Amino acid sequence: MIVRFNIDQVGEDQFDYRVSYEGEDLYGDEGLGSLEACIVAATEGLGSEPVGAEIAYRGVISGTYPLATLALASSQLAEHALNTTTAIEEVYKSGPVEGEH
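Keep in mind that this is a model prediction, so the values were computed, not measured. (Residues numbered from 1 in each chain as written. Predicted model: local features only at pLDDT ≥ 70, side-chain atom pairs only at ≥ 80, totals over all residues. Heavy atoms only, no water.)

Digging into the packing of aromatic side chains
1) Next: Going through the model one piece at a time under the given rule, you end up with 2 aromatic pairs.
2) Next: Ring plane angle 35° and centroid distance 6.4 Å describe the contact between Phe15 and Tyr57, whose orientation is recorded as tilted. Placement of Phe15 in strand E2 (residues 14-21) and of Tyr57 in strand E4 (residues 52-57) is noted, with a sequence separation of 42 residues between them.
3) Next: The buried category is assigned to Phe15, whose relative accessible area is 8%.
4) Next: Taken together, a centroid distance of 6.4 Å and an interplanar angle of 85° make the contact between Tyr17 and Tyr27 edge-to-face. Here Tyr27 lies in strand E3 (residues 24-32) and Tyr17 lies in strand E2, a separation of 10 residues in the sequence.
5) Next: Residue classification places Tyr17 among the buried residues on the basis of a relative accessible area of 8%.
6) Next: The class of Tyr27 is partly exposed, set by a relative accessible area of 24%. (Phe/Tyr/Trp six-rings, centres within 6.5 Å; stacked < 30°, edge-to-face > 60°. Helix = DSSP H or I, 4+ residues; strand = E, 2+ residues; numbered from the N terminus. Buried < 20%, exposed > 50% of the residue type's maximum accessible area, 1.4 Å probe, protein only.)

Next up, the structure:
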């Protein structure tokens, strides 16, 4: 079972997350102070069934990671999610990619 961590920024220093499986919300929390705090909290709430999780920040999936990586590298995963989402959003802002209609 691979779950998804759906993380959104709702204020300057406020983040919400929800954990879902096959489109159904399992649990979540709101008002956390950072993207990393959401990853840590979401990981801590997992039972023994999931083997990994996708991390999606503002709707952009940055990767799928095994549980051990989620627990040991939450800071790096948060930075990667932020960088991936920022890069994708910049492409959208700059207009259509060459060759797209």
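Focus: the side chain of Ser74
1) Next: Within the secondary structure, Ser74 sits in helix H3 (residues 74-93).
2) Next: Discounting residues that sit within four places of it in the chain, Ser74 has contacts with Glu36, Ile39, Val40 and Thr69. (Contact = heavy atoms within 4.5 Å.)

Section: the nonpolar core
1) Next: Of all hydrophobic cores here, the largest spans 21 residues; its most connected members are Phe5, Ile7, Tyr17, Val19, Leu35, Ile55 and Leu70.
2) Next: When contributions to this core are tallied by element, the ones reaching two or more residues are strand E1 (2-11), E2, helix H1 (35-44), E4 and H3.
3) Next: If you tally residues by element for this core, the top one is H1, at 5 residues.
4) Next: With near-sequence residues (within four places) excluded, Val19 lies in contact with Val3, Arg4, Phe5, Glu24, Asp25, Leu26, Tyr27, Ala42 and Leu46. (Core = buried A, V, L, I, M, F, W, Y, C linked by side-chain atoms within 4.5 Å.)

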